[in-house]
Amino acid sequence: MCCLLSALVVIGARGVLFLVWLFQPVRWNAAFDGFSILVPLLGFLFLPWTTLMYVLVAPGGLVGLDFLWMGLAVLADIASYAGSGVYGRRRHPAV
């Protein structure tokens, strides 16, 4: 778990998703069993924090506090999109 957190800090959610897919294919397949390849691909592109959290908590089924973790991941995705919009407005002021 320590290596996962270190990688998350250094390379971000998409990088950790790639590493989980590469080094833990059983966990990846258990999380997305029954889904087409499109669902994890769209999650990788648009909702990386939510997809990462789903891969971590879904193989055992979503119960109890897993919904809290998923909600926090959705908030992290929303915050990353909102933060990039605010930063972009500051960087490129209107003429």
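The notes below deal with the structure included here.

About the criteria used
- Residues numbered from 1 in each chain as written.
- Predicted model: local features only at pLDDT ≥ 70, side-chain atom pairs only at ≥ 80, totals over all residues.
- Heavy atoms only, no water.
- Core = buried A, V, L, I, M, F, W, Y, C linked by side-chain atoms within 4.5 Å.
- Buried < 20%, exposed > 50% of the residue type's maximum accessible area, 1.4 Å probe, protein only.
- Helix = DSSP H or I, 4+ residues; strand = E, 2+ residues; numbered from the N terminus.
- Contact = heavy atoms within 4.5 Å.
- Phe/Tyr/Trp six-rings, centres within 6.5 Å; stacked < 30°, edge-to-face > 60°.

## Overview of the nonpolar core
(1) Moving on: Counting residues in each nonpolar core, the largest one holds nine residues, listed as Val16, Leu17, Val20, Trp28, Ala31, Phe32, Leu52, Val55 and Ala58.
(2) Moving on: Looking at this core, the elements with two or more residues in it are α1 (2-23), α2 (25-31) and α4 (48-57).
(3) Moving on: Top contributing element to this core by residue count: α1, with three residues.

## Points about the environment of Leu47
(1) Moving on: Tracing the sequence through the fold places Leu47 in the loop between α3 (38-46) and α4.
(2) Moving on: The exposure class assigned to Leu47 is partly exposed, which follows from its relative accessible area of 39%.
(3) Moving on: The spatial distance from the C-alpha of Leu47 to the C-alpha of Tyr81 is 9.8 Å, given a sequence separation of 34 residues.
(4) Moving on: For Leu47, the residues in contact, after removing those within four places along its chain, are Leu42 and Asp77.

## As for the packing of aromatic side chains
(1) Moving on: By the definition in use, this model includes four aromatic pairs.
(2) Moving on: Both rings, one in Phe18 and one in Trp21, keep their centres 5.7 Å apart while their planes meet at 40°; by these two values the pair is tilted. Placement of both Phe18 and Trp21 in helix α1 is noted, with a separation of three residues, approximately one turn of the helix.
(3) Moving on: Ring centres of Phe32 and Tyr54 lie 5.6 Å apart, and the angle between their planes is 40°; on these two criteria the pair is classed as tilted. On the criterion of sequence distance, the pair formed by Phe32 in the loop between α2 and α3 and Tyr54 in helix α4 is long-range, its members being 22 residues apart.
(4) Moving on: The rings of Trp28, Phe32, Phe35 and Tyr54 are connected pair by pair, giving a single aromatic cluster.

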